[in-house]
Amino acid sequence: MAETNKVRLLRGYLYAGELRQLTAGGSKTACQELSLEPFWQPQPLLSKLTDGGSFELQEQFAIINDERFLQSVERQQLVMELRPLGGVVRLPLHQFFIAYRDSSITNHLCKGKLPVISIDGWAPIVSAENKTPLGELKVLLAIGSESQIAQLKQLRGFDHDNNQVPAPSRTTDLLDMLQNAIAAPTPNIAGPVMPPPPAPPAPSTFSFQLRIVGAAGLPLNPGYGKSKKQVKRQSAAKRFPPNEPPNTYVTFQAISCNSQTYKSHEGLVYATPIVPKSTKPQWLSKFRVDVSRDYRSNPQKLFILKLWKKAVVSPNGITEPSPHEDAIIGFAALNLNQKQAGGGFPSGWHNIVDFNGRVTGGIEAHVEPISPSVDTVIDQFEKSMELGHLQLGQAIKRKYTELEEISQRLRSRLVDVTGETLKFPEFDVDSALDSWQQEGDDDDLAEDFERSLRTPTPPGSPTPSTSTAAQNLRNSNGQE
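Residues numbered from 1 in each chain as written. Predicted model: local features only at pLDDT ≥ 70, side-chain atom pairs only at ≥ 80, totals over all residues. Heavy atoms only, no water.

Q: Help me out: how do you make sense of the overall build of the protein chain in this one?
A: Along the protein chain, the regular secondary structure elements total 14 helices and 18 strands. The long-range fraction of contacts in the protein chain, counting pairs at least 24 apart against all pairs at least 6 apart in sequence, stands at 63%. Just so you have it, the protein chain exposes about 30,700 Å², and 54% of that area is on carbon and sulfur atoms. (Helix = DSSP H or I, 4+ residues; strand = E, 2+ residues; numbered from the N terminus. Contact = heavy atoms within 4.5 Å. Areas by Shrake-Rupley, 256 points an atom, 1.4 Å probe, with all protein chains shown as cover.)

Here's what the structure looks like:
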């Protein structure tokens, strides 16, 4: 039954298309042909540059998941040569070895909608002699089941048979539709009907605050025996010392985030700092994350946290996160769907699961909502009312900024008058003013000053004495 359940026949798809950012030595006139030695067939593949400046190489192939296939992709690369430019493009293949070396993992992956993708985007073109960059080539390489490859081609627009525009109807059908439209009675409109106000557009992204606190129960680096399979992994023992706590960090993907990005097999990712040699690491990291709005509506779409262990010494001497070189410990899935308990803001401990579905520890992560800023609310209001041409949003923002500045000045003056530290927003203005006591004869001065303002002074009359305190002040000034 184990042999029967194995997915033995796999399908692959390779695409190479546009060129961009070609240097002076890598112009399109010097790049006329693309060739490669595929691992699924002995014959090489060639593609000529089209008049549009792209190769348009689309190759679909079938391959058997056996020992020969695993050896051809384990720590290997698919090399594309651009002639007569002398540049090469290297596509990583080790992801296929990780995905299809175990039958249980293979069966699980083949149940998904999309295949395992090695690279999907712009790959660098480097010189074969001095490794200098010459430009970029858009490529796509994936392996999976036949239905997954078909789904991928249809999503990317490569399946022309399923993406054709429906043919127009017959002339007689068009005439019948036109006749029915003309014969339809015209509604009697008594007066102008105002269209309903447009609904405010929903934002395309979802923002939240992600706090990755720490993990617990992580396994030690595995030991290595003397069996044949383990002898092949002796090189890993140098990078991950056996029976020692791992150096760990966590990565995730997002549209944008207030953190540094790192390269991985899946593109750019965001990561926590590295905690060395600990089975209970504490990262205490906080991020502001922007993701697609689909995470809130699609219950099948999960926000994935990946836990990695860092090698003791990286091959290139880098001590920062480098997922393309390090080993993965497991995954944790956060459900951001708004119909979930808690409104789609999971908080607490989550299981860390490896490729075999085993729980290898737990990670503490919290997803917290972010209240929209004033600028965001004003922009949404302007878009909902279709008042962008009036630049109403900019005027409101300017007035709001002016009010904030006036409010700050009033607070500072209030502190100067009361002589108390302002604790906003708990500060009670009325109680502060009531508790402000004047000293000496200041009340008499204020009453005399108000009386003098209201009582007109006859011409030629001597200056009236306001109070004893004022007279004393005048006498002291005269003596000086």
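Q: Quick question: what am I supposed to make of the side chain of E33 here?
A: You can see E33 is positioned in strand β2 (residues 33–36). Residue class for E33 comes out buried when judged on its relative accessible area of 14%. The residues touching E33, leaving out its near neighbours within four places in the chain, are L46, S47, K48, F55, E81, L82 and R83. (Buried < 20%, exposed > 50% of the residue type's maximum accessible area, 1.4 Å probe, protein only.)

Q: Help me understand the sheet that holds strand β4 (residues 54–64), please; the structure alone is not making it clear to me.
A: What holds strands together in a sheet is hydrogen bonding between their backbones, with the strands either parallel or antiparallel. Pairing is antiparallel across the open sheet formed by 8 strands, whose spatial order is β3-β2-β5-β6-β7-β8-β1-β4. Each having just a single partner strand, β3 (45–48) and β4 make up the two edges of the open sheet. Strand-to-strand twist of the sheet, defined as the mean angle between neighbouring strand axes without regard to direction, takes the value 20 degrees. Relative to strand β8 (residues 133–144), strand β1 (residues 9–20) runs antiparallel, the two sharing 8 bridges. (Pairing = 2+ DSSP bridges. Axes fitted to C-alpha atoms, helices over the stretch in contact; angles between N-to-C directions.)

Q: Please clarify how the nonpolar core should be interpreted in this entry.
A: Across soluble globular proteins, nonpolar side chains show a tendency to be buried alongside one another. One finds F69, M80, L91 and L137 to be the most contacted residues of the largest nonpolar core, which totals 39 residues. With 5 residues, β8 is the single largest residue contributor to this core. Every residue in contact with F69, bar those within four places of it in the chain, is listed here: L10, F39, I63, I64, F96, Y100 and I143. (Core = buried A, V, L, I, M, F, W, Y, C linked by side-chain atoms within 4.5 Å.)

Q: It is not clear to me how the pattern of salt bridges should be interpreted in this structure. Could you clarify?
A: Should their charged atoms come close, side chains of opposite charge can pair. Evaluation of the coordinates by the stated rule reveals 11 salt bridges. Of the charged contacts, one joins R83 and E81 as a salt bridge, the two residues approaching to 3.4 Å between their closest N and O atoms. Of the residues examined, R83 reaches a relative accessible area of 38% and is grouped as partly exposed. For E266, the salt bridge identified is with K306, shortest N-O distance 2.7 Å. Placement of E266 in the loop between β12 (261–264) and β13 (267–271) and of K306 in strand β15 (residues 303–310) is noted, with a sequence separation of 40 residues between them. Taking the relative accessible area as the measure of exposure, K306 reaches 16% and is therefore buried. One network of salt bridges, in which partners are shared, links E33, K48, E81 and R83. (Salt bridge = Lys/Arg side-chain N within 4 Å of Asp/Glu carboxyl O.)

Q: Teacher, can you tell me more about the packing of aromatic side chains here?
A: Aromatic rings considered in pairs are described by the distance between their centres and by the relative angle of their planes. With the rule as written, the count across this model stands at 15 aromatic pairs. Seen from their ring centres, F69 and Y100 are 6.5 Å apart, and the 50 degrees between their planes marks the pair as tilted. Residue F69 is located in helix α2 (residues 67–73), and its partner Y100 is located in helix α3 (residues 94–100); the two are separated by 31 residues in the primary sequence. Residue F69 is classed as buried on the basis of its relative accessible area of 2%. On the numbers, 6.1 Å between centres and 70 degrees between planes, the contact of Y295 with F303 is edge-to-face. Note on accessibility: Y295 and F303 belong to one class, buried. An aromatic cluster is built from F206, F208, F252, Y270, F287, Y295, F303 and F345, whose rings are joined through pairwise contacts. The residue whose ring lies beneath K301 is Y295, and the NZ or CZ to ring-centre distance is 4.9 Å. The ring of F240 carries K309 above its face, with NZ or CZ at 5.0 Å from the centroid. (Phe/Tyr/Trp six-rings, centres within 6.5 Å; stacked < 30°, edge-to-face > 60°. Lys NZ or Arg CZ within 6 Å of the ring centre and 35° of its normal.)

Q: So what exactly am I meant to see when it comes to unusual backbone geometry here?
A: In most cases, non-glycine residues show a negative phi, while peptide bonds are predominantly trans. Omega for the peptide link from R83 to P84 comes to -5 degrees, which places this bond in the cis form. Within the secondary structure layout, P84 lies in the loop between β5 (77–83) and β6 (87–92). The phi dihedral of Q21 falls on the positive side, at around 55 degrees, and the residue is not glycine. Topologically, Q21 is positioned in the loop between β1 and β2. In this structure, R75 is a non-glycine residue whose phi angle is positive, near 55 degrees.

Q: Quick question: what am I supposed to make of the environment of I119 here?
A: Within the element layout of this structure, I119 appears in strand β7 (residues 116–127). For I119, a relative accessible area of 18% translates into the label buried. Between the C-alpha atom of I119 and that of L91, which follows or precedes it by 28 residues, the distance is 7.0 Å. Excluding anything up to four places from it in sequence, I119 contacts L91, V139, L140 and L141.

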